[in-house]
Amino acid sequence: MIESALSFLFLTLSVAAVYILVATGLSITMGTLDFANMTHAALYLFGAYIALVIIGKPEVGGVLESAGFSTFGLGWGLVPAIILTPIIVFGIGLVLEKYVVRPLSDRNVVDQILITFGLLFMAQELMAILFGTGGQTISRPGWASGPLALPGIGTVSRWRFYVILITVILMGALLLFYKRTDFGLVVRGATQDAQMVQLLGIKVNRPYAFVFGIGAAYAGIAGLLGGTIFAINHELGVEILIPALLVVVAGGMGSIKGTIVAGTLFGLAWATANSVYPQGMEASIYLVAIVIIMLWPEGLFGSTGVEM
Amino acid sequence: MRNENTDSSRRDILRKTGAVGTAGIVGMAGCLGDEDPDLGNYPPEGDTVTFGLNAPQSGILAPDGVVQFDAFEMALDHLNEGGGWVDMWDDLSGDGVLEYEVEGTTADSAGDGEASRENVQRMIEQDNIQMWTGGVSSGVAETLQEVAQQERVPYMVNLSTSNLITGEHATRYSFRTAAPTYMLGAGVADVLPDELGDDLDFYQIYLDYSFGITGRESMLENLEEAGWTEVGAQSIPEGETDYSAHLSSAMDSDADVVILSTFGDALTNALSQASDRGLKDEMEIVVTTMSNFSLEPASEHIEGVYGTTDWNAERDDEYSQAFVEEYEDRFDETPGFAAKLVYENVLLYAEAVERADTFNPPEVIRELEDYEYDHTGVGDAHMRECDHQAHRMVPVVRGLSEEEQEETGLYVELVEEAPQDVTTYGCDEGPAADVDLGDHGD
Amino acid sequence: MSLRDVTGRLSIGKPTLSWEYWDEIKGTESFIFVATTVFVLLWSWLFARAPITSAVGGYQSLAVTVLIWGIFAIGFDLLLGQTGLLSFGHAVFWGGGAYAAGLFSYYVTGDPFLVVIAGIVFALVLAAVVGYIALRRHAVYFAILTLAIGQFVYFLAVSPLQEITGGYNGFIYVQVEPVAGFINLNQPLPGVLGTLWYDHLYLFVAVFFVFAVVLATRIVKSPYGLVFRSLRENEQRAAFIGINVWRYKFMAFILSAVFAGVAGSLYTIHTVFVSVESLYWLISGEVVIMTVLGGLGSVFGPILGAILYVYVRGVVDGFPIVGPYWFLILTTLFTVVVWAFPQGLWGIVGKIGQSLRGLTRRWNDS
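Definitions and limits used
Residues numbered from 1 in each chain as written. Chains lettered and ligands numbered in written order. Predicted model: local features only at pLDDT ≥ 70, side-chain atom pairs only at ≥ 80, totals over all residues. Heavy atoms only, no water. Helix = DSSP H or I, 4+ residues; strand = E, 2+ residues; numbered from the N terminus. Rg over C-alpha atoms; globule rule 2.2 N^0.38 Å. Buried < 20%, exposed > 50% of the residue type's maximum accessible area, 1.4 Å probe, protein only. Contact = heavy atoms within 4.5 Å. Areas by Shrake-Rupley, 256 points an atom, 1.4 Å probe, with all protein chains shown as cover. Lys, Arg positive; Asp, Glu negative; His and termini not counted. Charge placed at Lys NZ, Arg CZ, Asp CG, Glu CD. 1 Å grid on protein atoms, 1.4 Å probe; cavity = no way out; pocket = protein on both sides within 12 Å on 5 of 7 lines; lining within 4 Å. Points joined across faces, edges and corners; volume = space filled by probe spheres on them. Nonpolar A, V, L, I, M, F, W, Y, C, P; charged D, E, K, R; others polar. Expected span 1.5 Å × (residues − 1). Buried area = accessible area lost by both parts, 1.4 Å probe. Salt bridge = Lys/Arg side-chain N within 4 Å of Asp/Glu carboxyl O. Pairing = 2+ DSSP bridges. Axes fitted to C-alpha atoms, helices over the stretch in contact; angles between N-to-C directions. Parallel < 35°, antiparallel > 145°, perpendicular 65-115°, else oblique. Left-handed = near helix turned anticlockwise from the far one by under 90°. Phe/Tyr/Trp six-rings, centres within 6.5 Å; stacked < 30°, edge-to-face > 60°. Lys NZ or Arg CZ within 6 Å of the ring centre and 35° of its normal. Patch = residues over 30% accessible without salt bridge, like charges linked within 9 Å, V, L, I, M, F, W, Y side chains within 5 Å. Right-handed = clockwise from strand over helix to strand, strands pointing away. Polar contact = N/O pair within 3.5 Å; in protein donor to acceptor, adjacent residues only side chain to side chain.

Peer 1: Residue-level account of the overall build of chain B, with values.
Peer 2: The helix and strand inventory of chain B stands at 16 helices and 15 strands. Taking 2.2 N^0.38 as the reference for a compact globule, 442 residues should give roughly 22 Å; the C-alpha atoms of chain B span a radius of gyration of 22 Å, in line with that estimate. For chain B, the residues scored as buried account for 67% of the 442 residues in total. Within chain B, counting contacts between residues at least 6 apart in sequence, those at least 24 apart form 71% of the total. Of the roughly 13,800 Å² of accessible surface on chain B, 40% is carried by carbon and sulfur atoms. Taken together, the 21 basic and 96 acidic charged side chains of chain B have centroids lying 8 Å from each other.

This is how it looks when you write it as structure tokens:
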């Protein structure tokens, strides 16, 4: 009984982990920076492909193949990728912030959604052209693959266990950052009232860009983690966007705690549907999202700013 | 149930009026006289005919799609210039088909029903194709069969294995040379009990649509007949990539064998998640259809996995070897069965045209019906009249280790071929019992 | 509404070929009715059979598809263009209408008009439910909520309801019978009529298309349209002056869903098939792209968008070399237009027209 409950929890968390990591950056952008950024999902997509070429030497299709590459990659392995992928995507995030988010920040929200959606599709098609449209998989080294016997749970996927662990560490670090650093204070303040913070003589542009970059880096590492669990293809970004948006809205825009709780609830709905009514697995998370948004208009944890 | 009013007669008028339209709208009433039994895109205009390929270049099926474009190009070249099977088959000349030069038109099905219908409609209306082929998912193939019947353009179904294609949804204008899951099930049931043991328990995980559902039913029926017992089964929605919960249930069931009726990225995910869970140490894995597009990305996880293919490049009959040689010469890689099916379907149709001595669809169809042949690299085969399904052997195969894959260029090795007389079934049995083909149109 | 109105105006006495006269008539319902009728009468021939377009042109069934998507986009513009509400869930009404039409044709009757009515009724009911839920939220929330509801319905149709919908295989038993028992839609038209319109199906769809354009124009010009636009400009102010904001939004939502339902039903009649992908959110995305790309807030913008989108998807994708990039072409164009020219292609056309007018005026003056 306890064993099955624990393995149920494990299942829930393993589904929730990737959702939460992607949704975090999205939640910060939408809640704190007040910008509806669908391109966020492209950062997840980039993360997956960057990890792919750092870790192994995958056979590629598309333009790369036509250009003479039968394989395209560095083959450095998993650990360098875990370090480098978020750093690179952080950089991409800064570029995105400067050239897309800031110029569009005074446009209305519908325009923001449409333009960033268009950019996401463009990113997706570019990946398809570069790498081809066939699926890719990342092979993991021995320490990150195979089963792991957990006391009280049974055998689980070793890598899934690490993924949950990495997610917990990253989310904990983010909460601490917000709570304990001056930077976090400024960002929180700016979320509440950007004008007031500016009046106090604090430049908000820099913290904004930095916060955006952090969100991007989290999406990048999520791309790596998702890409090492599931097959990689160019439609990955669009596929993760919809559940990620729902996590953000259900949790409350800008609330990190809300993102964690909503992501976990989605995982729970998924795992429950799986054991009770497998046909409804896909539909379950949408139902949960609809109900939450109906009952809590601002999401579970409000949207008045980044909360603890 | 089938909508029998055809679009084809309209299209003839369309083409004629189109041609006249170039000269001006006036004075075209005279063009509508019936001089011959026009049907579909018959008769072809000019001295070329066009064949179509609707196959995935994007979407989850893409890895098997790209090779189909290569094989299609090769088939057309051989028809026009000779080479490969065209030189080996008596009825084909290597100088076009009925002295028409053959041109190709292709479209990306994207693994999507809407896109496929639009593509095929374009190829029929704009490119005036005489036939088309191409591998698409089973559900899409089933809807395209209807289009073939309505538009009176023959469709050689490729790669799709759902029973319904040559069962409930079979049409007069569509044929399939690939084995349906019902035959695959019979093949597995014939070979695996000898290989793995009698009285085993099995657990099934299957995609919740036609391909998976009929795959599961076929395995169930055939394997229980062979003395195995299904101890559980769970469907997974199309599009879901996370198999972890299903794999847990399979492991909890204490079954000896887990059978996966899924494909593409979903199968890749299932296999890699299965090896992550150490499932292979506890039970055998069987995959209903092992196609390259599923196996290539999953290559590190397929060692020892059992399954069926439609055809394997290591088969050593003269036709298989000739095809492999031609394909390797041209594209520098070992062909999988997706490529071979396209090649074989184009040539079988062309051969039937030559035998019928006309592109007129009903006569070509009659040539293909009740046709017995042995020149497509699958041994003796019989394209039956009652269900438009080729009845032939089924190869049961086992996945190779990565080193072996590198050595051989193949993903699987042959365990045993289940012969035609084991895999076949009566016209009143299995899927064939539900067939209602519709008319020839003449 | 009739030709006589237009010709009547012609005799008012102003010079018939002047910008002033053009400005006066171009917005009138009569003119729009006549223009749209002329357009549909020529469209199928121009698109599929005219000698000038044969090299890069479309084909008959795609000409019909364009009109159907045009109806969908016109309706979508009533919501997004007029009230400013961005729905990402309109696939529900297109697909819902398509399914209702298909099921009705099989279980009740295949008379095309009744089939469309069945589609409309179902889309209406769905819209009332979805609108009731989603319109309680604003802006981003509304967009995401409609998206969630759309995907929920899609996944319901894929798996749990596959006994009814055919699941991933779609519904293949659609029965289309002759209109009123004797006009077979697939019956080719003879002679010149065949060259122009090809068959009855085209005329059947064309009638709905003209009606959709005229109805949309009337709505936009009615007091309703005025209120819709005031909601887009400033919802709070509209509420202050006593407008029941929710009610008008609900009306706009239902109206646009009805257009989508008509389009979905027509698409079922056109393809004699319903795919479950008709409920997938990409359909919602496609109508957004068409409408916005073409130009919001005008009846002709969305039609232009539908023509361009369906043409690129259905014809350009078969071109050598650029074919595989058709979606990249569309999304790039879309992104650039929204970013730099928010009034869309129709707006650009209008601007070009104005500058041309400026040129001619200057030329006349000098």
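The structure having been displayed, the exposition proceeds.
Peer 1: For the layout of surface pockets, give the residues involved together with the corresponding values.
Peer 2: Residues and elements named next belong to chain C. If you add up the space inside the second largest pocket, you get close to 880 Å³. Around the second largest pocket, the lining is made up of 29 residues, and of these Trp22, Lys26, Ser298, Phe300 and Trp346 lie nearest the centre. Of all the elements in the fold, those that place two or more residues in the lining of the second largest pocket are helix H2 (19-26), helix H3 (29-49), helix H10 (200-221), helix H15 (300-314) and helix H17 (344-365). Broken down by element, the residue count for the lining of the second largest pocket peaks at seven residues, all from H17. Classifying every residue of the lining of the second largest pocket by side-chain character gives 15 nonpolar, nine polar and five charged.

Peer 1: So what's going on with helix H9 (residues 264-276) of chain B? Residues and values would help.
Peer 2: Taking 1.5 Å per residue as the helical rise, H9(B) with its 13 residues ought to reach 18 Å, and the 18 Å between its terminal C-alpha atoms agrees with that figure. Counting buried residues in H9(B) gives 13 out of 13 residues, a clear majority hidden from the surface.

Peer 1: Go over the interface of chain B and chain A, please, and point to the residues and values.
Peer 2: Chain B puts 31 residues into the contact, and the matching count from chain A is 31 residues. Summed over both sides, the interface of chain B with chain A buries roughly 2,200 Å², with 46% coming from carbon and sulfur. Among the residues chain B hides against chain A, the three largest losses belong to B:Asp242, B:Asp276 and B:Arg277. Together they make up 23% of the total. Between the two partners, chain B and chain A, sit two salt bridges.

Peer 1: Before we move on, could you go through the sheet that holds strand S10 (residues 306-308) of chain B and cite the residues and values that matter?
Peer 2: The strands making up a sheet associate through backbone hydrogen bonding, with each pair oriented either parallel or antiparallel. Residues and elements named next belong to chain B. Taken together, seven strands build an open sheet; the order of strands is S7-S6-S8-S9-S10-S14-S15 and the sheet is mixed. With partners counted over all chains shown, the strands left at the sheet margins are strand S7 (229-236) and strand S15 (412-418), one partner each. Direction aside, the axes of adjacent strands within the sheet are offset by 20 degrees on average. Where strand S6 (residues 201-207) and strand S8 (residues 257-261) come together, five bridges link them in parallel fashion. For Gln204, the partnering residue across the bridge sits in S8 and is Ile259.

Peer 1: Explain H17(C) to me, and be specific about the residues and the numbers.
Peer 2: Residues and elements named next belong to chain C. Along its 22 residues, H17 runs 31 Å from first to last C-alpha, staying within 8% of the 32 Å computed at 1.5 Å per residue. Those residues of H17 lying buried are Gly344, Leu345, Gly347 and Arg357. Buried residues along H17 sit in contact with H2, helix H14 (281-294), H15 and helix H16 (326-340).

Peer 1: Describe in detail the packing of H3(C) against H10(C), supporting the description with residues and values.
Peer 2: Residue and element names in this part refer to chain C. Contact geometry for H3 and H10: axes closest at 10 Å, N-to-C directions at 155 degrees. Taken together, the axis directions place H3 and H10 in an arrangement best described as roughly antiparallel. Seen from above, H3 lies across H10 with right-handed handedness. Residue-level inspection shows Glu29, Ile32, Phe33, Thr36, Thr37, Phe39, Val40, Trp43 and Ser44 of H3 in contact with H10, the latter providing Tyr202, Ala206, Phe209, Val210, Val213, Val214, Thr217, Arg218 and Lys221.

Peer 1: Quick one: what's the story with the packing of aromatic side chains, residue by residue and with numbers?
Peer 2: Under the defined criterion, the tally for this structure stands at 58 aromatic pairs over all chains. Relative to A:Tyr162, the ring of A:Phe161 lies with its centre 6.1 Å away and its plane at 55 degrees, an arrangement referred to as tilted. Assessed through its relative accessible area of 25%, A:Phe161 is described here as partly exposed. On the basis of relative accessible area, A:Tyr162 is assigned to the partly exposed category, the value being 24%. In textbook terms, an aromatic cluster arises when at least three aromatic residues are bridged by ring pairs, as seen for A:Phe117, A:Phe121, A:Tyr286, C:Phe88, C:Tyr154, C:Phe155, C:Tyr280, C:Trp281, C:Trp326 and C:Phe327. Above the plane of the ring of C:Tyr132 lies C:Arg136, whose end atom (NZ or CZ) is 4.4 Å from the centre.

Peer 1: How would you summarise the environment of C:Leu201 if you had to cite specific residues and measurements?
Peer 2: Residues and elements named next belong to chain C. Counting through the fold element by element, Leu201 comes out in helix H10. We classify Leu201 as buried; its relative accessible area is 6%. Taking the C-alpha atoms as reference points, Leu201 and Ser61, separated by 140 residues in sequence, lie 9.6 Å from one another. Leave out the neighbours within four places in its chain, and Leu201 touches Val64, Leu185, Ile269 and His270.

Peer 1: Account for the interface of chain C and chain A, naming residues and giving values.
Peer 2: Often, the extent of an interface is quoted as the loss of accessible area upon association of its parts. Counting residues at the interface gives 36 residues for chain C, matched by 39 residues for chain A. Where chain C touches chain A, the interface holds zero salt bridges. For the side of chain C that touches chain A, the secondary structure elements donating two or more residues are helix H7 (139-158), H14 and H16 of chain C. With 13 residues, H7(C) is the single largest residue contributor to the side of chain C that touches chain A. Classifying every residue of the side of chain C that touches chain A gives 28 nonpolar, six polar and two charged.

Peer 1: Could you give an account of the environment of C:Val310, naming the residues involved and the relevant values?
Peer 2: Residue and element names in this part refer to chain C. Its place among the elements puts Val310 in helix H15. Overall, Val310 belongs to the buried group, its relative accessible area being 0%. Along the chain, Val310 and Val220 lie 90 residues apart, while their C-alpha atoms are 25 Å from each other. Sequence-distant contacts of Val310, that is, excluding residues within four places in its chain, are made with Leu62, Thr65, Val66, Trp69, Met290 and Val315.

Peer 1: Tell me about a nonpolar patch on the surface, residues and numbers included.
Peer 2: Taken together, A:Val63, A:Leu130, C:Ile321, C:Val322, C:Tyr325 and C:Ile329 make up a surface patch of nonpolar side chains, about 490 Å² in accessible area. Tracing the sequence through the fold places C:Tyr325 in the loop between H15 and H16. Under the relative-accessibility criterion, C:Tyr325 is labelled partly exposed at 32%.

Peer 1: Give a detailed account of the pairing of S6(B), specifying residues and quantitative values.
Peer 2: Consecutive side chains along a regular strand alternate between the two faces of the sheet. Residues and elements named next belong to chain B. Most of S6 sits out of view: six of its seven residues are buried. Sheet topology places S6 next to S7; seven bridges connect them, and they run parallel. By the bridge assignment for S7, Asp201 is matched with Thr229. You can see the chain leave S6, run along helix H7 (residues 210-225) and come back into S7, and the turn it takes is right-handed.

Peer 1: Talk me through a negative patch on the surface; I want residue IDs and the actual numbers.
Peer 2: Judged by side-chain charge, A:Glu59, A:Glu65, B:Glu296, B:Glu325, B:Glu328, B:Asp329, B:Asp332 and B:Glu333 come together as a negatively charged surface patch. If you tally residues by element for the negative patch, the top one is helix H12 (residues 318-331) of chain B, at three residues. Relative to the helices and strands, B:Glu325 resides in helix H12.

Peer 1: Could you give an account of the packing of helix H13 (residues 337-356) of chain B against helix H14 (residues 361-368) of chain B, with specific residues and numbers?
Peer 2: Residue and element names in this part refer to chain B. Closest axis-to-axis distance for the H13/H14 pair is 8 Å, and the angle between their directions is 110 degrees. For the element pair H13 / H14, the angle class is roughly perpendicular. The residues of H14 that touch H13, namely those facing Leu348, Tyr349, Ala352, Val353, Arg355 and Ala356, are Glu363, Val364, Glu367 and Leu368.

Peer 1: I'd like a description of unusual backbone geometry, backed by residues and values.
Peer 2: All names here are of chain B. Looking along the chain, the bond that leaves Tyr42 and enters Pro43 is cis, with omega of -5 degrees. Here Pro43 shows up in the loop between helix H1 (8-23) and strand S1 (48-55). Within the chain, Asn128 stands out as a residue other than glycine whose phi angle is a positive 50 degrees. For Asn128, the position within the fold is in the loop between helix H4 (113-125) and strand S3 (129-135). Of note, Asp254 is a non-glycine position whose phi angle comes to about 60 degrees, a positive value.

Peer 1: Mind laying out the side chain of C:Ser278, listing which residues take part and the relevant values?
Peer 2: All names here are of chain C. Of note, Ser278 is situated in the loop between helix H13 (245-271) and H14. We classify Ser278 as buried; its relative accessible area is 4%. Polar side-chain contacts of Ser278 include one of 2.6 Å to the backbone oxygen of Ser275. If sequence neighbours within four positions are ignored, Ser278 has contacts with Ala91, Trp94, Gly95, Tyr99 and Ile283.

Distances and angles like these do not, on their own, reveal function.
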